[in-house]
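Structural overview for review
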Amino acid sequence: MVKKGDIWISAVLYMALGIVILTIILAAGLPVINRIRDKNLAIDTKESMFTLDKNIREVYNEGPGSQRPLTLDIKKGNFIIDQDLNEINWSIESTVQLSDLDTVIQEGTLSIHSTKTTSNDYLIIFGLDYDPLNIDLVLNNPVNSLSGTNKLIVLNQGVTDPINNPNKVTIQISVI
């Protein structure tokens, strides 16, 4: 004869066993899911940087007055347009190492640099440098860093200082 208490004890043991198994599965699977998410974020970031670079180069090649509207979705990290160095950098903390540590990798016009952080993650910096092209980047409404979905207008203003820099073309980026 089965006692009522035996059934409840079995039910509680099965439930506890199920919770332990789910916890083990989540503990093992969550880091893998985070790495896949970070890898996809890095791929999206790289594609966004290539798109931005393509638009800047098209506007540059088409001459003064040429412009392109562009939507830039910044899901994570710091996106900075450095007017002094004529560079665009997007840095992201990630669990994925994309390149050898402290080595700059060139993919076309995009440079990728990975360093180790204090929290054992990686800081990945995607960079575009326009100084060698004689492009002077100007941010119309300067902000320290962009985040979220941003609408940009890339505009070729032509040579703005013909006396001191007759070959330097000014590309204005406006955040609207």
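A brief report on the enclosed structure follows. (Residues numbered from 1 in each chain as written. Predicted model: local features only at pLDDT ≥ 70, side-chain atom pairs only at ≥ 80, totals over all residues. Heavy atoms only, no water.)

On the basis of which strands lie adjacent, the open sheet formed by eight strands has the order β3-β4-β5-β2-β1-β7-β8-β6 and mixed pairing. Only two strands of the sheet have a single partner each, and these edge strands are β3 (104-107) and β6 (135-139). Shown here is a sheet whose adjacent strand axes are inclined to one another by a mean of 30°, direction ignored. (Pairing = 2+ DSSP bridges. Helix = DSSP H or I, 4+ residues; strand = E, 2+ residues; numbered from the N terminus. Axes fitted to C-alpha atoms, helices over the stretch in contact; angles between N-to-C directions.)

Proximity of charged atoms lets side chains of opposite charge pair with each other. With the rule as written, the count across this model stands at nine salt bridges. Of the charged contacts, one joins K168 and D131 as a salt bridge, the two residues approaching to 3.4 Å between their closest N and O atoms. Separated by 37 residues along the polypeptide, K168 in the loop between β7 (146-159) and β8 (169-175) and D131 in the loop between β5 (122-129) and β6 bring together distant segments of the chain. By relative accessible area, D131 is classed as partly exposed at 37%. When salt bridges that share partners are traced, they join K54, E58, E62 and R68 into one network. (Salt bridge = Lys/Arg side-chain N within 4 Å of Asp/Glu carboxyl O. Buried < 20%, exposed > 50% of the residue type's maximum accessible area, 1.4 Å probe, protein only.)

Residues Y14, L17, I21 and I25 make up a contiguous nonpolar surface patch of roughly 460 Å² in combined accessible area. Tracing the chain through its elements places L17 in helix α1 (residues 4-62). Among the residues examined, L17 registers a relative accessible area of 48% and is labelled partly exposed. (Patch = residues over 30% accessible without salt bridge, like charges linked within 9 Å, V, L, I, M, F, W, Y side chains within 5 Å. Areas by Shrake-Rupley, 256 points an atom, 1.4 Å probe, with all protein chains shown as cover.)

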